[in-house]
Amino acid sequence: MKEIIISNKNANQRLDKYLCKYLSNAPLSFIYKMLRKKNITLNGKKSDGKDLLKKDDVIKIFFSEETLEKFTKGERSVIDNKISSYYNKIYKDLKVIYEDEDYIFIDKPVGLLTQKAKNDDVSLNELLIAYLIKNGNLKIEDLDTFKPSVCNRLDRNTSGIVACGKTIKGLQELSKGFKDRTFDKYYITVVKGVLTKKETISGSLTKDNKLNKVSVKDSNELEEYISTKYTPIANNGKFTLLKVELITGKTHQIRAHLASINHPLIGDYKYGDSKTNEYFKSKYKLKSQLLTAFELNCDLGDRKVNIKSEIPKLFLSILKGEGLWEPGIQEDLEEKH
């Protein structure tokens, strides 16, 4: 007999979904049969599998050791050692902005993928798991039934805040907030040209999957409606520092939307101005768009969190070098707009 006590990480999911992950080699029909026959019980009682698990619930699986091993992932120690070795190998320090029992918010650097693009990629998602294992917040065996995950994606070359769920509850709350657009999401960037007034711009976005590029039209009849609000913070007569609120959140939205009104991001080689980009590459060695997910306000039901990232060193160096940084700018960026 195997007894499992549900941790906070695995709470808030249905029993049958948990069992499908734990007994990963067993057909779903077999799992339901074992539930009907009370060979699997929840808190000593029969369950149809639809019960929502709570912390400290007790699942008992009345299988022989051989049957249990057959329907789980096999030889536990061999698998655990392999997984542990992988996460030890890839471990890197992460810049954690805020962390509690359910949530962790990380300041992602430029150049790091949020999620894998290829099987052999090491993304922030894998580094998150390595971090939690290293710090004792996650055990190798927990990965059988639950994997912490990032809940919002940033482009590889966009820095800033990435929200991650450490528990099922954390993942559900964050995913719902991003989907329902109940979170306030602010970015900072520098664009070509001078902007002096707050504006909210809207349009429709069409994506070319082959080119991984989007186009924006002043119409609401195409694929995806987008809305972007920006507030000018400072300008030097040539370039403008903006705080941008992402009302919707679509692929390359800020980059493509600002480019569509002739104010492309500096350093943006996909949507930007080549002459401007060469200037910043030559002077500052800037090789990608200057864009940072700067602030995130989340109402998570039982708590409200306000998260702010740091302005990256190169970003700040460019602001100072171009006369876009002076006393009071930091306060202007942190002010609600």
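Residues numbered from 1 in each chain as written. Predicted model: local features only at pLDDT ≥ 70, side-chain atom pairs only at ≥ 80, totals over all residues. Heavy atoms only, no water.

So, on to helix H8 (residues 274-284). Within H8, the full set of buried residues consists of Thr276, Asn277, Phe280 and Tyr284. Buried residues of H8, viewed axially, fall in a sector of 100°; they line one side. Summarising the geometry of H8, the exposed residues directed more than 90 degrees from the buried face are Ser274, Lys275 and Ser282. On the buried face of H8, the contacting elements are strand S8 (184-192), strand S12 (239-246) and helix H9 (313-321). (Buried < 20%, exposed > 50% of the residue type's maximum accessible area, 1.4 Å probe, protein only. Helix = DSSP H or I, 4+ residues; strand = E, 2+ residues; numbered from the N terminus. Arc of directions from axis to C-beta. Contact = heavy atoms within 4.5 Å.)

A few words on the pattern of salt bridges. One pass over the full model with this rule turns up 15 salt bridges. Across the pair arginine 255 and aspartate 155 runs a salt bridge whose closest N-O atoms are separated by 3.0 Å. With arginine 255 in helix H7 (residues 253-260) and aspartate 155 in the loop between strand S6 (149-150) and strand S7 (159-165), the pair connects residues that are 100 residues apart, well separated along the chain. What makes arginine 255 buried here is its relative accessible area of 8%. Since its relative accessible area comes to 26%, aspartate 155 is described here as partly exposed. The salt bridge involving lysine 308 is made with glutamate 295; its shortest N-O contact spans 3.9 Å. (Salt bridge = Lys/Arg side-chain N within 4 Å of Asp/Glu carboxyl O.)

Moving on: the sheet that holds strand S2 (residues 40-42). Spatially, the three strands line up as an open sheet ordered S1-S3-S2, and their pairing is antiparallel. The sheet is open, and its two borders are formed by strand S1 (2-5) and S2, each paired with just one other strand. Averaged over all neighbouring strand pairs, the angle between strand axes comes to 15°, with direction disregarded. Bridge count between S2 and strand S3 (residues 58-61): three bridges; the pairing is antiparallel. Looking at the pairing, threonine 41 lines up with lysine 60 of S3. (Pairing = 2+ DSSP bridges. Axes fitted to C-alpha atoms, helices over the stretch in contact; angles between N-to-C directions.)

Our next topic: the packing of helix H1 (residues 15-22) against helix H2 (residues 28-36). At a minimum axis separation of 10 Å, H1 and H2 run at an interaxial angle of 120°. As the angle between them shows, H1 and H2 are arranged oblique. Every pair of crossing elements has a handedness; the one defined by H1 and H2 is right-handed. Judged by residue contacts, Leu15, Asp16, Leu19 and Cys20 of H1 engage Leu28, Ile31, Tyr32 and Leu35 from H2. (Parallel < 35°, antiparallel > 145°, perpendicular 65-115°, else oblique. Left-handed = near helix turned anticlockwise from the far one by under 90°.)

We now examine unusual backbone geometry. Of note, the phi angle at histidine 252 is positive, near 55°, even though the residue is not glycine. On the secondary structure map, histidine 252 appears in the loop between S12 and H7. Its identity as a non-glycine residue notwithstanding, lysine 285 has a phi of 60°, on the positive side. The topology assignment puts lysine 285 in the loop between H8 and strand S13 (291-299). A residue is classified by how much of its surface remains accessible, and lysine 285, at 65% relative accessible area, is exposed.

What follows is about the nonpolar core. One recurring pattern in soluble globular proteins: nonpolar side chains tend to sit buried together. Grouped together as the largest cluster of nonpolar side chains are 48 residues, with contacts concentrated most on Phe105, Leu174, Tyr187, Ile254, Leu258 and Leu296. For this core, the element with the highest residue contribution is helix H5 (residues 124-134), accounting for seven residues. (Core = buried A, V, L, I, M, F, W, Y, C linked by side-chain atoms within 4.5 Å.)

Right, let's talk about the packing of aromatic side chains for a bit. Inspection of the entire model under this criterion finds ten aromatic pairs. Taking 5.1 Å as the distance between ring centres and 80° as the angle between the ring planes, the aromatic pair formed by phenylalanine 178 and phenylalanine 183 counts as edge-to-face. The buried category is assigned to phenylalanine 178, whose relative accessible area is 16%. A residue is classified by how much of its surface remains accessible, and phenylalanine 183, at 4% relative accessible area, is buried. Considering the side-chain rings of phenylalanine 280 and tyrosine 284, the 5.8 Å spacing of their centres and the 25° angle between planes classify their relative orientation as stacked. One end of the pair, phenylalanine 280, and the other, tyrosine 284, are both in helix H8, four residues apart, so they sit about a helical turn from each other. (Phe/Tyr/Trp six-rings, centres within 6.5 Å; stacked < 30°, edge-to-face > 60°.)

The subject of this paragraph is the pairing of S3. Taking every second residue as pointing to the same face, the buried face of S3 carries Ile59 and Ile61, while none of Val58 and Lys60 on the other face is buried. Note: S1 against S3, four bridges, orientation antiparallel. For lysine 2, the partnering residue across the bridge sits in S3 and is isoleucine 61.

Along a regular strand, successive side chains alternate from one face of the sheet to the other. The buried count for strand S5 (residues 103-108) comes to six of six residues, which makes it a mostly enclosed element. What you see with S5 is no split at all: Tyr103, Phe105 and Asp107 on one side and Ile104, Ile106 and Lys108 on the other are buried throughout. Note: strand S4 (residues 96-99) against S5, three bridges, orientation antiparallel. Within the sheet, the bridge partner assigned to tyrosine 98 lies in S5 and is phenylalanine 105.

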